[in-house]
Amino acid sequence: MSVSDIERLDAAVARLAADDSVLRLSETEAERRSGYQADTERMIMNMGPQHPSTHGVLRLVLELEGELIVRSKPVIGYLHTGMEKTGEVLTYVQGPTNVTRMDYASPLFNELVFSLATETLLGIEVPERAQWIRMLMCEVNRLSSHLLFMATNGMDLGAVSMMLYGWREREELLRFFEKVTGLRMNHNYIRPGGVAADLPDGWRDDLRSILDALPDRLDEFDTLMSGQPIWQDRLQGVGVITAEEAIALGATGPILRSTGFAWDLRRDQPYLRYDEVDFDVIVGTHGDSFDRYAIRLGEIHESMRILRQILDRMPTGDYRIQDKKVTPPPRARIDESMEALIHHFKIFTEGFKVPEGEVYVAVESPRGELGCYLVSDGGPKPYRMHIRGPSFVNLQTLPHLMRNSLIADTVAIVSSVDPIMGEVDR
Amino acid sequence: MTEAPDPAAGEAADAGVAAEPQPELLHGMPITRDLGQLVLHVPRDDVRRVVTALRADGYWQCVDVCGVDYLDHGARALPPTVTPERFEVVISLLNHTERTRARLRVQVPESDPRSPSIVAIHPGAEGPERETADLMGISFDDHPDPTRILMPDDWVGHPLRKDYDVGRIPVQFKAAPGAR
């Protein structure tokens, strides 16, 4: 798509409006009108929120004409826990513990975007090694998130053995996380000012053994799925979207890239040290569910490529900034220095103050653009913290992807969008 | 895009008048570039015009819409021509060609918490605008689906407002039929 294509974008907006594929009913109205509609000879049906293939608690209200889906609407909010409100009563030090629980399949990205936003307001840059550690952890997290997608996508389409394979590979990565951060999920590892701890002894061996074992397993996935006629029939041409429609609907990540539009914040608006590593942005051609699957498989390979470069180039140095106002002193210093004790006490009770201002920072999470809008009033807690969850915005493509498709394809399409409900509802 | 006039040059040209640095303008709107981020301060009535103009400039995608309640932080930094109000609607736009971002900050008064919807220009704003309406209580004019999105339909209040307390409140469940 080129600059002159604003007309095509306009046409896509007009088409989306004319399509009438979103069933705009309130929850109450949808409940009242469920069942057969005599006037339109259509059926309004409810799917979820407790349905194994809706990836959590997504509810879809579908308007059917026979086997075809005419209009639909995702109904969300079942996992809403007010995390943005909670973020306003926690200090910047405590913040990552909160945001890490949003997209629970890729927690480190949430911590990263929150930390980057805080650091931008503070006007600090974390040390070189911390940047590379963050990159390392995020890419391993991208692997684990995409492997989870492989598992659930396979299961959703009936390739049940894929479920076990995907989970098995992810387990290795979670073990690596546990060794580095102490936790398998919700790490609170990336914090404003750096990371919580340096990499443990033997991390290179652990990572190398993962990187050595994975390519063969991925080839198995490829044989098991990509080449299979059933797999292709279930996914190819199902849930098609064009680049202009994806842009108009705010879609990012694999959905946007599946249309052939190469947009990856790691390459296009580099953060951390992504401008210093080589990798390709994987794009599709058809914008269908198969391309979205294939892109994620390709991105696993690219992440492994980045990880190999990180293994070679990991610098030495500090893993967190040596700014006493932001970083708590090492444990040993507290016993010998009154000043260290005061700093420690201050940081963990009151927190550090962040200059007044507002900032929007975005990173490329496995699901697309993960943004954090942070407003500070000069105090130790965010005045307002808003997370732009890629899953939340990507869900808007669902009614358009599902228009005029069969009920049986619903599961394939929802699966290919890969929403994480924790992030959708926040 | 108009460049900011050099304050020194202004003083030389007009020595009698106190040289007030004029805010930089884009599409007639004052802009700021704090922390390297382009922010346009747009009155409510001009939102659609400015968003359309920016879209023609290459800001194709609306990535986010959110609201901020400045009840406890009224004295924030704003260009001199902008009157602070209690609420702000913040619209984030993305330019893929030049790889830049722009942000619109729209002042919304407490007495009339409404803002024009940009769904007709950016269909992707539908969900985020519903979220802002639901949690912040700012309604969007001409929004195609002005329903609650995260909170239940019968919920009272808007949780992200600053006068909506954090703390214990009775959990509101819809009446569920008993087992017997």
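Everything that follows concerns the structure shown earlier in this document.
The numbers attached to residues start from 1 for each chain and follow its sequence in the written order. Key to labels: chains lettered from A, ligands numbered from 1, both in the order written. The model is predicted, so local features are restricted to residues of pLDDT at least 70 and side-chain atom pairs to those at 80 or more, both for listing and for counting; the totals for chains, interfaces and linings are taken over all residues. By convention in this description, side-chain values take in all heavy atoms of the structure and omit both hydrogens and water.

S.K.: Just checking my understanding: could you explain the overall build of chain B for this structure?
M.R.: Per the secondary structure count, chain B includes three helices and eight strands. Walking chain B from its N terminus toward its C terminus, one meets helices and strands in the order α-β-β-β-α-β-β-β-β-α-β. Relative accessibility decides the category of a residue: with a 1.4 Å probe and only protein chains considered, values under 20% of the type maximum give buried, values over 50% give exposed, and everything between is partly exposed. Out of the 180 residues belonging to chain B, those deemed buried represent 51%. The long-range share in chain B, meaning contacts at least 24 apart out of those at least 6 apart in sequence, stands at 54%. Accessible surface computed for chain B: about 8,800 Å², of which carbon and sulfur atoms make up 54%. The helix count covers DSSP runs of H or I at least four residues long, the strand count covers runs of E at least two residues long, and both are numbered beginning at the N terminus. Pairs of residues are marked as contacts when any of their non-hydrogen atoms sit within 4.5 Å. Values of accessible area rely on a 1.4 Å probe in the Shrake-Rupley scheme; residue burial ignores everything except the protein chains shown.

S.K.: What is the right way to look at the pairing of strand E5 (residues 87-95) of chain B in this model?
M.R.: In regular strands, side chains alternate between the two faces of the sheet. All names here are of chain B. When you tally the buried positions in E5, you get nine out of nine residues, the bulk of the element. Across the two faces of E5 the burial is the same, with Phe87, Val89, Ile91, Leu93 and Asn95 and Glu88, Val90, Ser92 and Leu94 all buried. Here strand E4 (residues 61-69) pairs with E5 via eight bridges, running antiparallel. Residue pairing across strands places Cys66 opposite Val90, the latter belonging to E5. Any two strands are treated as partners once DSSP identifies two or more bridges connecting them. Judged from the nine bridges that link them, E5 and strand E6 (residues 100-108) form a sheet pairing that is antiparallel. Across the sheet, the residue bridging to Val90 is Arg105, located in E6. The antiparallel pairing of E5 with E6 creates a hairpin that spans four residues between the two strands, and Arg99 there sits at a positive phi of about 55 degrees.

S.K.: Can you walk me through the interface of chain A and chain B in this structure?
M.R.: How big an interface is tends to be stated in terms of accessible area lost as the parts join. Chain A puts 57 residues into the contact, and the matching count from chain B is 60 residues. Salt bridge, as applied in this entry: a Lys or Arg side-chain nitrogen positioned within 4 Å of an Asp or Glu carboxyl oxygen. Viewed at the interface, chain B and chain A are joined by nine salt bridges. With its nearest N and O atoms 2.8 Å apart, the salt bridge here joins Arg426 of chain A to Glu131 of chain B. Of the residues forming the side of chain A that touches chain B, the biggest block, five residues, is contributed by helix H1 (residues 6-19) of chain A. Here the term charged refers only to Asp, Glu, Lys and Arg, the term nonpolar to Ala, Val, Leu, Ile, Met, Phe, Trp, Tyr, Cys and Pro, and the term polar to all other amino acids, Gly among them. When its residues are assigned to classes, the side of chain A that touches chain B shows 27 nonpolar, 12 polar and 18 charged.

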